[in-house]
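Survey of secondary and tertiary structure
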Amino acid sequence: LGQYVRMAQESLQAQAEVAMATDLGQLRWQLGHFHPDVLHLFGAWQWKNALAWLLARRKKVRVVCTPYGQLEPWVVRTNYWREKLPKTLLFQRWLTRRMVALIAMGKMEKESLEKMGWNRRIEVVYNPLVTSTIQPEEMARQLAAIYRKVLDSHLTERMLPSTCEALTTLLHAGTA
């Protein structure tokens, strides 16, 4: 997972300004100083992802996630009663439903996520570390396109209340 994240970060440098945080303290600092538009989480089953989502949402930052295969049925079944069921009930389902988008790394993972039914916004970006059908630069272009889609959706969510009020007034005036 670490190698994939580093490769994504390096490849995206040409597409956008990118920063990486490896713990919640770094993330809190970056959210306060860097003001990102999108937070991309990797992996599943970690309570830190739920805390990262909460920190990001307080700053009105959109959050996407690449589960990195960790929501595949065979992974979910591993230690199901002792680990996965409690985490599912506590945070994983809740968190997955609130992601603006899930990024699967292949068709099988996408199908698994669709069957799970926790989130319908699923994109596919192949992993250059496991397939030769895509290069890191193309992966970066696809991720950047997903980030643009994420930013272009639900625009009013990121607006200040005064801007929403002004927009509503303009729309009422235009229809009158």
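Refer to the structure printed above.
These notes cover the structure that comes with them.

Thresholds applied
- Residues numbered from 1 in each chain as written.
- Predicted model: local features only at pLDDT ≥ 70, side-chain atom pairs only at ≥ 80, totals over all residues.
- Heavy atoms only, no water.
- Pairing = 2+ DSSP bridges.
- Helix = DSSP H or I, 4+ residues; strand = E, 2+ residues; numbered from the N terminus.
- Axes fitted to C-alpha atoms, helices over the stretch in contact; angles between N-to-C directions.
- Salt bridge = Lys/Arg side-chain N within 4 Å of Asp/Glu carboxyl O.
- Buried < 20%, exposed > 50% of the residue type's maximum accessible area, 1.4 Å probe, protein only.
- Phe/Tyr/Trp six-rings, centres within 6.5 Å; stacked < 30°, edge-to-face > 60°.
- Lys NZ or Arg CZ within 6 Å of the ring centre and 35° of its normal.

**As for the sheet that holds strand β2 (residues 62-66)**
- Reading across from one edge, β1-β2-β3-β4 is the order of the 4 strands in this open sheet, with parallel pairing throughout. Each of the sheet's edge strands pairs with one partner strand only, and the pair in question is β1 (38-42) and β4 (122-124). Sheet twist, expressed as the mean angle between neighbouring strand axes with direction ignored, is 25°.
- Judged from the 5 bridges that link them, β1 and β2 form a sheet pairing that is parallel. Following the sheet pairing, leucine 41 is matched in β2 by cysteine 65.

**Focus on the pattern of salt bridges**
- Tallied over the entire structure, the rule returns 5 salt bridges.
- Two residues, lysine 84 and glutamate 83, come together in a salt bridge whose shortest N-O distance is 3.8 Å.
- What makes glutamate 83 partly exposed here is its relative accessible area of 24%.
- Across the pair glutamate 138 and arginine 141 runs a salt bridge, and its minimum N-O distance is 3.1 Å. Within this pair, glutamate 138 and its partner arginine 141 are both found in helix α7 (residues 136-152), separated by 3 residues, close to a single helical turn.
- On the basis of relative accessibility, which here comes to 31%, the residue glutamate 138 falls in the partly exposed class.
- It is possible to trace a salt-bridge network through shared partners that takes in Glu83, Lys84 and Lys87.

**Examining the packing of aromatic side chains**
- Under the counting rule described, the total for this entry stands at 4 aromatic pairs.
- Both rings, one in tyrosine 4 and one in phenylalanine 42, keep their centres 6.0 Å apart while their planes meet at 75°; by these two values the pair is edge-to-face. Pair noted here: tyrosine 4 is in helix α1 (residues 2-12) and phenylalanine 42 is in strand β1, with a separation of 38 residues, a long-range link. Neither residue differs from the other here; tyrosine 4 and phenylalanine 42 are each classed as buried.
- The positively charged end of lysine 84 is found above the aromatic ring belonging to tryptophan 45, 5.6 Å away from the centroid.

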